[in-house]
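So the chains spell out like this:
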Amino acid sequence: MLRNILKLFELDLRSLAATRILLGLFLFKDFIEIIPHIKMFYTRDGFIPLSEGFQTVFQNWSWSLLYMNDAPLFVYGFFFVYAILLLFFIFGYRTQCVTFLLWVFIVSIHNRNWMGLNSGDDLVRCSLLILTFLPLGAKYSVDEAFTNKKNINQSHNSIWNVTLFVQLAAMYITSALHKTDPAWNQDFSALARALQLDAFTTPLADIIKGFPSLLKAMTFITYYAEKYLIFLFFLGAISRVKNLTRWITIGTFVLIHLGIFIFMNVGNFPLYAIALWFAFMPGSFWKIITYSKHSKLNIYYDGHCRFCEKFVRILLTFLASRELHLYQAQSNKEVCELMEAHNSWVVREINGKTFYGFEAFQEVIKRSHFQFLYPLFNRSWVKRIGEKFYQIVSNNRPLLSKFSSFLQFSQKPNYQKNFITEFLAILIIILTVNWCWSVFPNNHSNEWANSLKKVSRWVHHYQYWNIFSPTPQKTNAWFFIKGVTDTGSQVDLTSKKPRAFTLKTSVNGIRESLENKSIRKTFMRILDDPHFTVRLGNYYCRKWNLQENHSSRLDKVEFYMGKELVIEPNNIREDGIELVNSVFCQ
């Protein structure tokens, strides 16, 4: 019975690798967006130093590595290590350990500034703990390249597969059950209403607003897909339709999230969700991707050069083509002489045609998953740069061998199952279901459920899926922060571009100011608390007046909140702009 259930949730190792790479890239994108705001939100020079945070912001159950110190040097060092971990994660180096450390670092970042959290943060935090116990590094990774005992199977079965699926299922079903308003399940006007909220939309949303029938259809699909489509996955128990049900389920949800990403500015949530769905891609997807009409290549490297072996192993692992075969040049006398004569690796077709240097790299690309990049590498200026770079590498192989000495070959398999990890998987499933069920307003939890919620808090597996529920909010709210200098001039502290401080321009300008969704959400929460607006105002005063390139001194910082009431689609009432607080610079 258990074996049949696990078979239903079988995951292809290549799909798990795709999830790792995509999720890592999206996390790195989020990291790039955070960099300009590190000083403001995470150091003692910002507006919430640790001494203030422990008194007013941090929860008694929260923990964070950033609670240790808020000195700028420590904080920037923390984020530097975080960036290194992201790169290790993307390339699959020590993947299981790095995935767990990423979870620790992300929890630390979230707890240091929880005011900016959104649904995407909940999803990635909960998912990384689960992904720690899945073989993300079994394919397309440095781990695979340096594991002598290769994975014979292309698939993985474990209770953690079910745990990942339960996490996604809980997200969609809970979200649908929260959507109780007729705008979602009767007149299907929810998306039309949501797209009237300029603070949540992208410029492309202005185009689709003119197609009300299409928006109704999209609302219908979104609501019922969230509520019921996840159960289609279970039809995969019928082997004949297993791949079909996966394609329909994955394809529908990926398209929904692409639509959210294109038309709505809700952070990286849709990107994270797409990355996680890639884990369930059937093996047939990779058969289509890996198909090649090109002839096979034999790749020969210098067996006496440790760097050369490591490089070609990594290259072939990520290119992952059956058309590429690896050998030591010393195994073929003729090839060995060619290698020494050209001071280059040797790449040879079956018909005997031979390539060297960067040209050999081009031929390898042509027979890989990335063959679509071949026209780029075949450009004359790219070939010139590539050949020079190859010569530099070739002439410095001893130095590079020393530099890459930390990459060691291993005989150990990537992942092993045991009773403890399987028990932990079942616990995570229980915590996920219990939390999502207990957060409904009319649900009265018993003592056991409340105890499990406390466990969820401590392991940071809490999650909220009530965005735009029970109906999209009717108030379109945004903000801007105005500075007044000693010369009387006005500056917009939330935008890099000068603009007038009126209702109309502030609505349009919100898409240009603080494009990072988590930063914007943080500011919206700050404006609800006069204490924090004072601290933030003082921060802007210090930041402006300590910069020597400003010809004027900042005298005052004013916080404004703009509001519009969306009565129904295309019927908006302007409520105007409200001055929330004024802070005079000391």
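Residues numbered from 1 in each chain as written. Predicted model: local features only at pLDDT ≥ 70, side-chain atom pairs only at ≥ 80, totals over all residues. Heavy atoms only, no water.

Student: Explain the nonpolar core to me, please; I cannot follow it from the model alone.
Tutor: Generally speaking, a soluble globular protein has its nonpolar side chains buried in company with each other. Ranked by size, the top nonpolar core spans 117 residues in total, and within it Phe 47, Phe 79, Tyr 82, Phe 280 and Leu 536 carry the most contacts. Here the element with the most residues in this core is helix α9 (residues 159-178); it accounts for eleven residues. If we skip the residues at most four places from it in the chain, Phe 47 touches Met 40, Phe 41, Met 115, Ile 526, Phe 532, Arg 535, Leu 536 and Tyr 539. Listed in part, the 24 residues of the second largest apolar core include Cys 305, Phe 307, Phe 361 and Ile 365. (Core = buried A, V, L, I, M, F, W, Y, C linked by side-chain atoms within 4.5 Å. Buried < 20%, exposed > 50% of the residue type's maximum accessible area, 1.4 Å probe, protein only. Helix = DSSP H or I, 4+ residues; strand = E, 2+ residues; numbered from the N terminus. Contact = heavy atoms within 4.5 Å.)

Student: How should the pairing of strand β7 (residues 475-485) be read in this particular structure?
Tutor: For a regular strand, the rule is simple: side chains alternate between the two faces of the sheet. Of all the eleven residues making up β7, ten are buried; the element is thus mostly covered by neighbouring parts of the structure. As paired strands, β7 and strand β8 (residues 490-492) are joined by three bridges and run antiparallel to one another. Bridge pairing in β8 links Val 484 to Gln 490. (Pairing = 2+ DSSP bridges.)

Student: Hey, could you run me through the environment of Asn 243 in this one?
Tutor: Residue placement: Asn 243 occurs in helix α14 (residues 242-263). Sequence separation of Asn 243 and Phe 285 is 42 residues, and the distance between their C-alpha atoms is 9.5 Å. Those residues within four positions of Asn 243 in sequence are excluded, and the remaining contacts are Pro 282 and Ser 284.

Student: What exactly am I supposed to notice about the packing of aromatic side chains here?
Tutor: Ring pairs (aromatic) are described by centroid distance and by the angle formed between their planes. Using the criterion set out here, one finds 46 aromatic pairs in the structure. Ring geometry for Phe 54 versus Tyr 67: centroids 5.2 Å apart, planes at 65°, classification edge-to-face. You can see Phe 54 sitting in helix α4 (residues 50-56) and its partner Tyr 67 sitting in the loop between α4 and α5 (72-91), a full 13 residues away along the chain. For Phe 54, a relative accessible area of 47% translates into the label partly exposed. We classify Tyr 67 as buried; its relative accessible area is 14%. Between Trp 435 and Tyr 462, the ring centres sit 6.2 Å apart and the planes meet at 45°, which makes this aromatic pair tilted. A residue pair is termed long-range when its members are at least 10 positions apart, and Trp 435 in helix α23 (residues 419-438) and Tyr 462 in the loop between α24 (447-458) and β7 qualify at 27 residues. An aromatic cluster is built from Phe 9, Phe 165, Tyr 172, Phe 233, Phe 234, Phe 253, Trp 277 and Phe 280, whose rings are joined through pairwise contacts. It is Lys 453 that lies over the ring of Trp 435; its NZ or CZ is 4.9 Å from the centre. (Phe/Tyr/Trp six-rings, centres within 6.5 Å; stacked < 30°, edge-to-face > 60°. Lys NZ or Arg CZ within 6 Å of the ring centre and 35° of its normal.)

Student: Hey, could you run me through the sheet that holds strand β3 (residues 297-301) in this one?
Tutor: Working definition: the strands of a sheet are paired by backbone hydrogen bonds and lie parallel or antiparallel to each other. The four strands lie next to each other as β4-β3-β5-β6, forming an open sheet whose pairing is mixed. What marks the edges here is a single partner per strand, and that holds for β4 (324-328) and β6 (354-356). The sheet shows a mean angle of 25° between the axes of neighbouring strands, direction not considered. Note: strand β5 (residues 346-349) against β6, three bridges, orientation antiparallel. Across the sheet, residue Arg 348 finds its bridge partner in β6, namely Thr 354. Of the strands in this sheet, β3 and β4 are in contact with helix α17 (residues 306-319), which crosses β4 at around 170°. Of the strands in this sheet, β3, β4, β5 and β6 touch helix α19 (residues 357-366), which is tilted by about 120° from β6. (Axes fitted to C-alpha atoms, helices over the stretch in contact; angles between N-to-C directions.)

Student: Would you take a moment to explain the pattern of salt bridges for this structure?
Tutor: Pairing is possible between side chains of opposite charge, provided their charged atoms come close. Following the criterion strictly, the structure yields 15 salt bridges and no others. With a shortest N-O distance of 3.4 Å, Glu 309 and Arg 306 are connected by a salt bridge. Separated by three residues within a single helix, Glu 309 and Arg 306 lie in helix α17, roughly one turn from each other. For Arg 306, a relative accessible area of 43% translates into the label partly exposed. Among the ionic contacts, a cluster of salt bridges with common partners joins Arg 306, Glu 309 and Arg 313. (Salt bridge = Lys/Arg side-chain N within 4 Å of Asp/Glu carboxyl O.)

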